[in-house]
Every structure is written in C-alpha cells, then in structure tokens.
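Structural characterization, general
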Amino acid sequence: MFSIIVVPPPTSEDERSGAQLRLAPGERLVFGRAVPEGGLLIAHDGVSRRAGEITAHGTFWTVSNLSAGQTYVVENPEGAGEHIKVAPGRLDAPVPFEFSRIVLPAAGDLLPVEVWAPRHDYLRAEDGTDGEPTAPAFSVDRTKRYFAVLAALCEPRLRGAPHAPLPTMDQVVERLRPAWPAASRTSVQWNIDYLAVKLRLKPGPETADPGPRLNGKKESLVSLALRFDLVREDDLVVLAAPSGQALR
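Residues numbered from 1 in each chain as written. Predicted model: local features only at pLDDT ≥ 70, side-chain atom pairs only at ≥ 80, totals over all residues. Heavy atoms only, no water.

A separate point is the nonpolar core. Counting residues in hydrophobic clusters, the biggest one holds 31 residues, and the most contacted among them are L150, L176, V188, L199, V231 and L239. When residues of this core are traced back to their parent elements, those giving at least two are α1 (145-158), α2 (169-176), α3 (185-198) and α4 (217-227). Counting residues per element, this core draws most heavily on α1, which supplies 10 residues. Discounting residues that sit within four places of it in the chain, L239 has contacts with A148, A151, A152, E155, R175, L176, P178 and A179. L23, I42, A56 and V63 belong to the second-largest nonpolar core, a separate cluster that totals 26 residues. (Core = buried A, V, L, I, M, F, W, Y, C linked by side-chain atoms within 4.5 Å. Buried < 20%, exposed > 50% of the residue type's maximum accessible area, 1.4 Å probe, protein only. Helix = DSSP H or I, 4+ residues; strand = E, 2+ residues; numbered from the N terminus. Contact = heavy atoms within 4.5 Å.)

Although it is not a glycine, A107 adopts a positive phi angle of roughly 50°. Backbone geometry places R200, a non-glycine residue, at a positive phi of 65°.

When the terminal C-alpha atoms of α1 are compared, their 19 Å separation across 14 residues agrees well with the 20 Å that a helix rising 1.5 Å per residue should span. Approximately 30° is the largest bend angle found in α1, and it occurs at A152, with the proline P156 only one to four residues beyond. Burial analysis of α1 places 12 of its 14 residues in the buried class, the great majority of the element. Where α1 terminates, the next one or two residues include G160, which has phi positive at roughly 105°. (Expected span 1.5 Å × (residues − 1). Bend = angle between axes of the 7 residues up to and from the residue.)

The next subject is the sheet that holds strand β1 (residues 4-7). Taken together, six strands build an open sheet; the order of strands is β2-β1-β11-β10-β7-β8 and the sheet is antiparallel. Either end of the sheet is taken by a strand with one partner, and the two such strands are β2 (21-23) and β8 (83-86). Along the sheet, successive strands turn relative to each other by an average axial angle of 25°, direction set aside. Direction of pairing for strand β7 (residues 72-75) relative to strand β10 (residues 99-106): antiparallel, over a ladder of three bridges. Bridge pairing in β10 links E75 to R101. (Pairing = 2+ DSSP bridges. Axes fitted to C-alpha atoms, helices over the stretch in contact; angles between N-to-C directions.)

Each pair of packed helices can be summarised by the angle the axes make with each other and by the distance between the axes. Remark: α1 packs on α3, axes separated minimally by 9 Å, with the N-to-C direction vectors making an angle of 95°. Considering the angle they form, α1 stands roughly perpendicular to α3. Judged by residue contacts, R145, Y146, V149, L150 and L153 of α1 engage V188, N191, I192, Y194, L195 and K198 from α3. Along the lines of polarity and charge, the residues of the contact of α1 with α3 split into eight nonpolar, one polar and two charged. (Parallel < 35°, antiparallel > 145°, perpendicular 65-115°, else oblique. Nonpolar A, V, L, I, M, F, W, Y, C, P; charged D, E, K, R; others polar.)

Let us now look at the environment of S3. By secondary structure assignment, the location of S3 is in the segment before β1. Along the chain, S3 and W61 lie 58 residues apart, while their C-alpha atoms are 8.9 Å from each other. Ignoring anything within four residues of it in the chain, the contact list for S3 reads L23, A24, P25, A56, H57, G58, W116, A117, P118 and R119. Within the structure, S3 has its side chain in polar contact with the backbone oxygen of H57 (distance 2.7 Å). (Polar contact = N/O pair within 3.5 Å; in protein donor to acceptor, adjacent residues only side chain to side chain.)

This next bit is on the pattern of salt bridges. For side chains of opposite charge, pairing can occur when their charged atoms come near one another. Taken as a whole, this structure holds 12 salt bridges when the rule is applied. In this structure, E75 and R101 form a salt bridge, with 3.0 Å as the shortest nitrogen-oxygen distance. On the criterion of sequence distance, the pair formed by E75 in strand β7 and R101 in strand β10 is long-range, its members being 26 residues apart. Overall, E75 belongs to the partly exposed group, its relative accessible area being 27%. On the accessibility criterion, R101 (26% relative accessible area) is partly exposed. Among the salt bridges present, the one from R177 reaches E174, with a minimum N-O distance of 3.9 Å. Exposure remark for E174: the relative accessible area of 52% places this residue in the exposed category. One salt-bridge network, in which partners are shared between bridges, spans E155, R159, R175 and E233. (Salt bridge = Lys/Arg side-chain N within 4 Å of Asp/Glu carboxyl O.)

Once that is clear, we can look at the packing of α2 against α3. At a minimum axis separation of 9 Å, α2 and α3 run at an interaxial angle of 100°. The angle between α2 and α3 places the two elements in the roughly perpendicular class. Between α2 and α3, the contacting residues are M169, D170, V172, V173 and L176 on the first element and R185, V188, Q189 and I192 on the second. Class assignment of the residues belonging to the contact of α2 with α3 gives a composition of six nonpolar, one polar and two charged.

This part covers the environment of P112. Along the chain, P112 falls in strand β11 (residues 109-116). Sequence spacing of P112 and V74 is 38 residues, and the spatial spacing of their C-alpha atoms is 9.3 Å. Leave out the neighbours within four places in its chain, and P112 touches P8, P9, P10, R101 and I102.

Here you go:
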C-alpha cells in the first residue's frame, strides 16, 4: 500500500508534468542530477549529483540531505511559514507535515519537490473497557452561542490567512447577525468572558483569587482553539443563517 506521494519539480520544457512517484512503507527514493535508475532526476547544474533521499514510513516520511554544504528547507505550505531545516549530511530527518515542500537552492533558483503523506492511521476503540470514561480536555457545545462567538473570532485564520488580525467586536457582532439577530457588543463580550473561564484561561468567579489580568483575551482564545482543533473550518457553518434551529 502506497503511503507517500512525491511530485517532481517543474522543468523548463514542460513545467509541471503532473507526474507522481508513489512510495510504499520502507521504500526509498534518491533524488539529484545523477541518480540510479528509479531515482528522481533533477536536471539542474546547481543540484548535487546525489542530493538527497526520501524514505517512506507508514504515515510519515524522512529526508536525508546528501549534499556536502547546502541546507535544505522543508516547508509546510499550509502553515504560514512553518518549516524545518535539514543540514548538510543529516540523515533520516523526520518530517511532521502532511503536505510538504522540499526547497532545493540551485545556483540562484529554488526548486520545489512536493511530498504528500495522505495516509492517516487511527486507534480503533475497543468495546467493553472497564472504568469511568476519560473526561474531555475541553468541553464545548457547538449549538451554543458562545461557540458561534469563538467561530467568528477564528474565521479569518481558518479561511487561509493564519496571521490575519482578529475581527473587532463590531465585526464579530455583524458576522453573528445571520444566526443570532439580537447579537450586541455586550452579549458578545459576555460570551468571550465566559469562554475564557470555560476553557480555563482564567479562574471562575466563584474562586477567591481572580488570578492575573488576562491581556489579549481574544488572541488567547483563538490561539487555544486553533491549536487544539476546537474550531475547524467545517464548524463555520454555525455562522450561516439558521435553517430551522437557532443558536441557544
């Protein structure tokens, strides 16, 4: 079963050819400008003869930098600048990105080799386990108004702009109006304060110690929600006009 897909860089003759190389777990792919049969030939004078090697594993891959003096960069195209650097001579560096781009500096050019790791393995839940169920780390109800407020705050960054500024309070109110016509600055702020307590960013009102003042409350909420997938792009449907069931 193939687990890794490698997309060669475009060439000056045919640009992106659409060719793909598929690797099964344990298979290796050498790339460079002079590679053995079955390798990935990159015909550029600025690329080492044996520039590197990709090794497929079950759900991830590793890359070896076989060049003598050139650092490679492996980018996450979906991560707004997230990347790892692979030093010359480094062997089997694990790559944590599902969609990746190896950037090869080549005599003034930057050649991209795309690598995809689309296979996902998940633990199968076993029936009949004893004991109490594990309490969820974060308990959120996607039918509640506070979740719609959180979704509105996260929306700009979920729409493909990871460093977008957060919406203002007035923008959040306006965005919530289709699903929550009575939304106001006061009600939105109440829900933001409630989220800060619910997601444990600050102590609840019943505690004697209110804790330090939480500056950047919206930024903290959005950072937490996106880091732990509390809000995904699919969840933005809660911001649309309701089709029979209003937010509670």
